[in-house]
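So you can see what is in the structure, the chains are spelled out below.
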Amino acid sequence: TQDQLLKAFLEKFEAADVTHHYTVPQRAGGWSPIISDRYQWLEVDLGERTKITAVATQGRYGSSDWLMSYLLMFSDTGHNWRQYRQEDSIGSFPGNSNADSVVHYKLQQPAIARFIRLIPLDWNPNGRIGLRLETYGCPYTSDVVSFDGGSSGLLYWLTSGLKRTSRDVVTLKFKALRNSGTLLQAEGQEGLSLSLELERGKLLLLLRKGRTSSTEPQRLVSLGSLLDDQHWHHVAVERRGSHLNLTVDKHTERVQIPAEFSHWSIEQLSLGAVQSEVSQKPVTSKKNFNGCLENLLYNGHNLIELAKNKKQQVTISGNVTFSCAEPVSVAVTFTGPESFLQLPGTTMSSSGGVSIGFQFRTWNKKGLLLSFELPQQGGVAWLYLSEARLQLQIHKSGRALLELSAGASLNDGQWHSVELNSRQGHLTITVDKEERDSSQASPSFPVTVENGSQKCRNLFSVFQGCMRLFTVDNQNLDLIKVQEKQLGNYSNLQIDICGIIDRCSPSPCEHGGPCSQSWTVFHCNCSDSGYSGATCHSSVYEQSCEAYKHNGNTSGHFYIDVDGSGPIKPQLVYCNMTEENTWMVIQHNNTELTRLRPFTGVNQYSIHFDYSSEEEQLLAVIKQSEHCEQELSYHCKMSRLLNTPEGSPLSWWFGGPGAGRVQTYWGGAQPGSQQCACGLQGDCVDLQHYCNCDADRMEWTEDSGLLTHKESLPVRSLVLGDIQRPGSEAVYRVGPLQCHGDRNFWNAAFFDKETSYLHFPTFHGELSADISFLFKTMASSGVFLENLGIKDFIRIELSSSTQVVFSFDVGNGPLEVRVESSFPLNDNRWHRVRAERNVKEASLRLDELPVATQEAPADGHFHLQLNSQLFIGGTASRQKGFRGCIRSLQLNGVTLDLEERAKITPGVQPGCPGHCSSYGSLCQNHGRCVERANGFHCDCNLSAYTGVFCQTEVSASFKSGTSVSYTFKEPYEMSRNSSALPSSIYSDMTLRGENVSLSFRMNQSPALLLYVSSYYREYLAVLINKHVLRSKVRNLANGQLHTANSCALPLDPHCSLHILYLAHFLSPESDDLDADLSRLASLGFTGCLSVVHFNTISPLKEALLRPNSSPVIITGPLAQSNCGSAASANSYSAENTHHLSGEKWRRHLTCVIAVVIFVIVTALAITARFLYRRKDTYRNKEVKGVNQEDSQDFPFNNQADSQNLSTENPKEYFI
């Protein structure tokens, strides 16, 4: 058979050739060391390199001895062991539960080795270590060649004997003894070449153009890490046209190569050594490869076999051998705080000094490498890493006698050599001798090394990493003797193995986030990526302008990430939220009207449009939007557009994906019609044609309209063909791409039963999974989502009315992440859930509450393997189902179409109305939330403000002659006292008084701002004087913005209001208006009025926005402006102005309100006279006095002493 059973006859224990590992008598039926601890192992020599596919274990016969878990190590030479790890980097293997049953484990990736070492981890606590072992596999044959890193190399000339195809494949294995060097270089025509080069333990695929060494290569891809570990690594390079696949071990990268390589053929292959451009012979260089290659195949041809047979197309240079001899260097791994190695010191040599040398590699910035005592001084020397630099300190009695430092960035995972020399009073510490990085000092005391004390003292961070090549006074220390307890002492070490792991290769960080690491963990820097989370998986941006609007944002530029955590990058767009629909606007390089004139010899004019978004971003935006449009207009004078006598169009455009498809219709018409908008409507200037421009007239005309067919958008280019004739002129415009509506954001389903659910295909989120959705419910519990595997699962549920739970199992046992809310979640309002799971942690976020996280086990399974259907709103058991609405459900950036699936599923209804309960608070300033099928709308008719959230102030600049009059509908008292909802123009509510609010900015004083009169000669007036009581602001006529709020004194509730004036009016002589007030009204008002509100009437807003449909009369110049906004305030007022969003302060000052009530008394019949009483001015009890500085004869001033002014500065006054 292909697989051969390789039995380790454990009765012959010489295979486990360890001197202190004794066995029990053979009648026990298995291997069992006398001492049961984790320092024991069983080693099997298979005699030759073998492809090992499986192992089987069994307890010791007739005993209570068996292993519960173990490690497997493999080696070609009996040294430099490599731990076998499963797919999820799990190092341990499950063992037995009794002495008789056999546990068989098939290796996910076959191991090729000669030696196997099994290390017990756990065993039966009521017994001892006991084992019977079998290994399964088959013979392994290979052709090997080794290079010494000098001038040795192979050069292959690819003649007709080696078949050339359009698909080139090179496969090989390599074992590197040095971390840099050129493995292979393929050269073709015109100096084009591809090369595989090892650089600092990573494999690079480089492209060169030209044969000179000065040509800077282009790096196509970098793959792998720590490839100088003296173990075999598999490499495959496959070229298919313009694409190339590079595989290193189990990881593959696909790259695109330049077009000139599409038809490139290889002429020669060089291995091991860099070829000279002049002599075409290998040259000695540090770039040459030092190590072994195995089974080198080019398009199926064994090139090493050709070299061994000395074929003529192969040139061998230098010291090339066809075997792989490697030096023995025993490494030791320090895994954690309990790891230490104690070695014997030396006495002072005849030269009066000492030298220590070793190599180390680590990912940590800190850690103690070495310490030794100074017997003659009674001190101690510490050699340690600090901020990735090597530091030497000599201490005595807590005082530093000497400090030296050398090296930098020593935590890069590379091997670094350290030499410490003390000779003749001169102390030198050198890091990486070839780099010549050293530091030296001349201490006043001799430095010698004495045996360390039995207690391990460490005042520094522990070292985690590998060390090797220890020397003391140029004598190598044998670490195998340390392992055999013949030399020194140690604890919790891995000897004859370097267990370093590159957790950043391949990088777990997504979306370009840089990866860094320590010995135990990795870290992703997501600060500049636009993503967040432990692996930069989840986008920090919303997926549409619609989502930004429902977060309370207003118009502006926003980053949009259309696929969330998917591969499409975020894009900057403009979100126009001024209309009922929220528009996403994507610009291109020419959205202006562009004029064309005749060009000599040019029959066609072609224009290409470059958009601010990339191709995949554009297509994703168009796909997820409910509606997209783009303006296409053509203004013409003797320039025909589409139709010609023979029927072929003179002009056309390209639109749609990629470069676009030819489109022969114009804006406002239907695709394929070869018409313009006027042709569709039948109103072209010449009815014989379907476009206005096709009439070919001397006067200007146009064909304009909107392109709304999404499959034809965006417009990519424009070709205009009738511009070459004398007198031809044209102007074109292609507007920006505009889209509104988010299909994903409002996609919802309603689950009305606990047993109802939707099902979708299995969710695939093996390494990274993010799930986000919104829900609203009145139930206290229910499962939102569940997907099962054989053992793995993932579930999100509402466990109680205040708690959401995210639970899962990836093979390490169930884990949960919980978020507790302080308020009930079954309030029938929308709540947002965002869950994420990756190889490092799991997180759960509910609304804006703090994120809850759960770290993943350091050395556990991390692949989520599911195989059942994905259940939404319920479970496979139809228990604990969810009752309520789920909306905008996305898994790894992909939106599930709940509505389409709900249409065909009993117990589930598509859509979910009722959004004002959640988003109604966004409507400000008395704006009313109106429900829509998808979302809501703020009705600002009852508000003095406008805008998408009724947040924009309505302001106007007034001149002295400007007046706005508003005539109330008669009888006004009916609308005031009516409980029914009135119209937007004449509406009001039952009032206890008249509520007035407005903002103003002015430089004159006194002034009349507002005047309201009734049919019964009662009136209410808002007047401004410089001074206001209880305010630090002594002058209201200072050009700053002030606000008067809720001035509420009642007119007679039985009277009907007649008319309202703003700023200026002329009182009829028949009115019994106070003479001073009449004179003030005739002067007018110069300044700014904003957000004027009387009860529920907004007269200024009606005058500016609906002048033709409102009972408003405007006299004089009235211009809408932003004078009432904070943006128009000066630097002083910016400090005293409170913006609507709450970000700036506005000083709220009260107005002096003179409410003069005329009471008409019926004349006595006997006197036939009319008596009347001039009504006095009502004042608030809080008003104590005002300075009289404005006008000496103005009667609306209080004579109270100005020193009675309060020092308080309240934000608002209610009078």
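The structure presented is a predicted model; accordingly, all values stated were derived computationally and were not measured.

Moving on, we get to the packing of aromatic side chains. In the structure shown here, the tally under the stated rule is 33 aromatic pairs. Taken together, a centroid distance of 5.0 Å and an interplanar angle of 55° make the contact between Phe-773 and Phe-784 tilted. Taken together, the residues span a long stretch of sequence, with Phe-773 in strand S57 (residues 769-776) and Phe-784 in strand S58 (residues 782-788) at a distance of 11 residues. Pair check on accessibility: Phe-773 and Phe-784 agree, each one buried. With a centroid separation of 6.4 Å and 85° between ring planes, the pair formed by Phe-775 and Phe-882 is classed as edge-to-face. With Phe-775 in strand S57 and Phe-882 in the loop between strand S65 (870-872) and strand S66 (884-891), this residue pair connects regions lying 107 residues apart in the sequence. As far as the burial class goes, Phe-775 and Phe-882 line up, both buried. Ring pairs connect the aromatic residues Tyr-70, Phe-74, Tyr-84, Phe-93 and Tyr-105, which therefore count as one cluster. One residue, Lys-485, lies across the ring of Tyr-490, its end atom 4.3 Å from the ring centre. When the ring centre of Phe-760 is taken as origin, the NZ or CZ atom of Arg-901, which lies over that ring, is 4.5 Å away.

Moving on: the state of the cysteines. Two cysteines joined by a covalent bond between their sulfur atoms form a disulfide. Across all of its chains, the model carries 15 disulfides by this definition. Here Cys-676 is linked by a disulfide to Cys-691, with a sulfur-sulfur distance of 2.0 Å. Judged by the torsion about the S-S bond (90°), the Cys-676/Cys-691 disulfide is right-handed. On the criterion of sequence distance, the pair formed by Cys-676 in the loop between strand S50 (661-663) and helix H5 (677-681) and Cys-691 in the loop between H5 and strand S51 (701-707) is long-range, its members being 15 residues apart.

This part covers the environment of Val-804. Following the sequence through the fold, Val-804 ends up in strand S60 (residues 803-809). Residues Val-804 and Val-833, spaced 29 residues apart in sequence, show a C-alpha to C-alpha distance of 8.4 Å. Here Val-804 is in contact with Phe-784, Ile-796, Glu-797, Leu-798, Val-817, Arg-818, Val-819, Leu-825, Val-833, Leu-844 and Leu-846, once residues within four sequence places are set aside.

Here we take up the pairing of strand S27 (residues 354-361). Where burial is concerned, most of S27 is hidden: 8 out of the 8 residues are buried. One ladder, built from 7 bridges, connects S27 with strand S32 (residues 416-423); its direction is antiparallel. Bridge pairing in S32 links Ser-355 to Asn-421.

Calculation criteria
- Chains are numbered independently. Their residues run from 1 in the order of the written sequence.
- A pLDDT threshold of at least 70 governs which residues receive local features in this predicted model, and a stricter bar of 80 or more applies before side-chain atom pairs are shown or counted, although totals over entire chains, interfaces and linings include all residues.
- In computing side-chain properties, one takes all heavy atoms of the structure into account and sets aside hydrogens as well as water.
- Note on aromatic pairs: the rings of Phe, Tyr and Trp (six-membered ring only in Trp) are paired at centre separations within 6.5 Å, and the planes decide the class, stacked below 30 degrees, edge-to-face beyond 60, tilted for the rest.
- Here a helix means four or more residues in a row that DSSP labels H or I, a strand means two or more in a row labelled E, and each is numbered from the N terminus.
- A simple rule labels every residue: compare its accessible area, found with a 1.4 Å probe on the protein chains alone, to the largest value its type can have, and call it buried under 20%, exposed over 50%, or partly exposed in between.
- Any Lys NZ or Arg CZ that is within 6 Å of a ring centre and within 35 degrees of that ring's normal is treated as a charge sitting over the ring.
- The disulfide criterion used throughout: a pair of cysteine sulfur atoms within 2.5 Å.
- Note on contacts: a residue pair qualifies if any of its non-hydrogen atoms lie within 4.5 Å across the two residues.
- If DSSP finds at least two bridges between two strands, the strands pair.

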